[in-house]
Amino acid sequence: MAKGDPGGTTRSRRPAPRSKKGAAGNPELVQLLTPDGERIDSATGPDGTVYRVDFTDEEYRGLYRDLVMVRKLDAEATALQRQGELGLWASLLGQEAAQVGSGRALRSQDMAFPTYREHGVLYCRGIDPIMPLGLFRGVDQGGWDPNEFKFNMYTIVIGAQTLHATGYAMGITMDGKIGNDDGEAAIAYFGDGATSQGDVNEAFVWASVFNAPLVFFCQNNQYAISEPLERQTRVPLYQRAAGFGFPGVRVDGNDVLASFAVTRTALDNARHGQGPSLIEAYTYRMGAHTTSDDPTRYRIASEVESWQAKDPITRVKAFLEKQQIADATFFAEVDEQARRESVHLRERVLNMPNPEPVTMFDHVYPNGSPLLDEQRAKFNRYMESFEGSAH
Ligand SMILES: Cc1ncc(C[n+]2csc(CCOP(=O)(O)OP(=O)(O)O)c2C)c(N)n1
Ligand SMILES: [Mg+2]
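Here is a short report on the structure shown in this document. From a predicted model like this one, the values you see are computed outputs, not experimental measurements.

## Remarks on the packing of helix α4 (residues 130–137) against helix α12 (residues 328–350)
Thinking step 1. One way to put it is that α4 packs onto α12 with a least axis distance of 11 Å and a crossing angle of 40°. With respect to each other, α4 and α12 are oriented oblique. For α4 against α12, the interelement crossing comes out right-handed. Along the contact surface, α4 presents Ile 130, Leu 133 and Arg 137, while α12 presents Leu 345, Arg 348, Val 349 and Leu 350.
Thinking step 2. Of the residues that constitute the contact of α4 with α12, the class distribution is five nonpolar, no polar and two charged.

Structure follows, in structure tokens:
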């Protein structure tokens, strides 16, 4: 999708589709595009907020391109791990719409705090997709500059980034950078399992009482490794927000349009001083937790099949076809671009140089530290002890 801040307005360009409160059979879910590719003009959230988007045809095609690119690059990374070129990979398969929708809803000044699975958001922030692969190949510690791209480092400690995001968002307020359209906001990504962590609940409390400009974006993909959602909660996750004193909404996380609309509204509310909110993106992890996991041990095939029918990309394609926004030439061109970029990604991964072991001490702190200098010197002496030996 083109750079900039698209799609937040209400220009009506196509025959008015229907409006509804929630999605069919699930009044709790904000949905703007059904699994069959039918557009819903607007949907009303639990607090009465009306959500809608109106993109230009080019913007719709851009969202489709993003979804296809992100899925293809992710599949390539999984293949690279399978061939021994990465140590590990956490696939986003099935969660593309939640990530592209929310990622594209960020305005350029907004700061994102990801987990280890946010490859789609990373892509939307304009970061080279090679960057996380260096981390998972073990040749660097994550190569991007969080300040340049407004995208923090991947965080593997479950839920920890919600506290970092809360502190950052409190800082935005202290710096006086809220209260108008140019105001800043932060967004913290985390999973359904993370909601059971102390860190996340503490972040909810702090963000709430300090009215921090922060959006908590929970991708409920139904599992925390092998633990199903019912082991995390007895109430829908978005309803937890009420107990902390801020709004919560559940969105169809396989619907890129609704994910965009809900995130854009929440971020804009935050930047205007209305405080935090929780978005529960209801989605499904189609693949394994990571390449170290075997999901056939804990879930049944029919469950996976039922979610295949809700595929986030198929429904956008159906919509584009039905509305004649895109034709076969466009779809072929997107596929070809995805193929080319994934080949390019593969070539670059295979050519990543192995770093000198001592470089692991670089970039730990911006200005180093005496303790680190001591450790580096000790490590150098250790490495030198091998010189001239058979090892
Ligand atoms: C503090 C902490 N505890 C345990 C783990 C091991 N661990 C890695 S991923 C994961 C499950 C996370 O599930 P969820 O929050 O739903 O995110 P998902 O992986 O499904 O996106 C766990 C327990 C960890 N990384 N950090
Ligand atoms: Mg999960």
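## So, the coordination of the magnesium ion (ligand 2)
Angles at a metal have ideal values that depend on geometry: 109.5 degrees with four tetrahedral donors, 90 or 180 degrees with six octahedral donors.
Thinking step 1. Listed as protein donors to the magnesium ion (ligand 2) are Asp 192 (OD), Asn 221 (OD1) and Tyr 223 (O); their distances from the metal cover 2.1 to 2.2 Å.
Thinking step 2. Between the donor residues of the magnesium ion (ligand 2), the gaps in sequence give the motif D-x28-N-x1-Y. You can see Asp 192 sitting in the loop between β6 (186–191) and α7 (198–209) and its partner Asn 221 sitting in the loop between β7 (214–220) and β8 (223–224), a full 29 residues away along the chain. This pair shows no difference in class: Asp 192 is buried, exactly as Asn 221 is.

## Examining the pairing of β7
Thinking step 1. Taken across its seven residues, β7 has seven buried, putting it largely inside the fold.
Thinking step 2. Judged by which residues are buried, β7 turns out to be covered on both faces: Leu 214, Phe 216, Cys 218 and Asn 220 on one side and Val 215, Phe 217 and Gln 219 on the other are all buried.
Thinking step 3. Relative to β7, β6 runs parallel, the two being bridged by six bridges. Counterpart to Ile 187 in the pairing with β7 is Val 215.
Thinking step 4. Running through α7, the crossover from β6 to the neighbouring parallel element β7 is right-handed.
Thinking step 5. For β7 and strand β11 (residues 277–282), the ladder comprises six bridges, and the chain directions are parallel. Residue Gln 219 lies in a different strand from β11, and its bridge partner there is Ala 281.

Reading the values: the criteria
Counting from 1, residues in each chain are numbered in the order their sequence is written. Numbering of ligands from 1 and lettering of chains from A proceed in the order in which they are written. Two thresholds apply to this predicted model, a pLDDT of at least 70 for residue-level local features and 80 or more for giving and counting side-chain atom pairs, whereas whole-chain, interface and lining totals are computed over all residues. With hydrogens and water stripped out, all remaining heavy atoms of the structure feed into the side-chain values. Note on method: axes are straight lines fitted to C-alpha atoms, helices fitted across the in-contact stretch only, with angles between N-to-C directions ranging 0 to 180 degrees. Numbering goes from the N terminus for both helices and strands, where a helix is a DSSP run of H or I of at least four residues and a strand is a run of E of at least two. Small angles under 35 degrees read as roughly parallel and large ones over 145 as roughly antiparallel, with 65 to 115 read as roughly perpendicular and the rest as oblique. Should the near helix be turned counterclockwise from the far one by less than a right angle, the crossing is left-handed, whereas a clockwise turn marks it as right-handed. A contact between two residues is defined here by any heavy atoms of the two lying within 4.5 Å. Note that Gly is not counted as nonpolar here; it falls among the polar residues with everything else outside the nonpolar set of Ala, Val, Leu, Ile, Met, Phe, Trp, Tyr, Cys and Pro and the charged set of Asp, Glu, Lys and Arg. Donor criterion used throughout: N, O or S atom within 2.8 Å of the metal, extended to 3.2 Å for Na, K and Ca. Water excluded; incomplete-looking sites may result. Working definition: with a 1.4 Å probe on protein chains only, accessible area under 20% of the residue-type maximum means buried, over 50% means exposed, and in between means partly exposed. Paired strands are those between which DSSP finds at least two bridges. Orient the strands so they point away from the viewer, and a crossover whose first-strand-to-second-strand path over the helix runs clockwise is right-handed.

No statement about biological role is implied by the geometric values presented.
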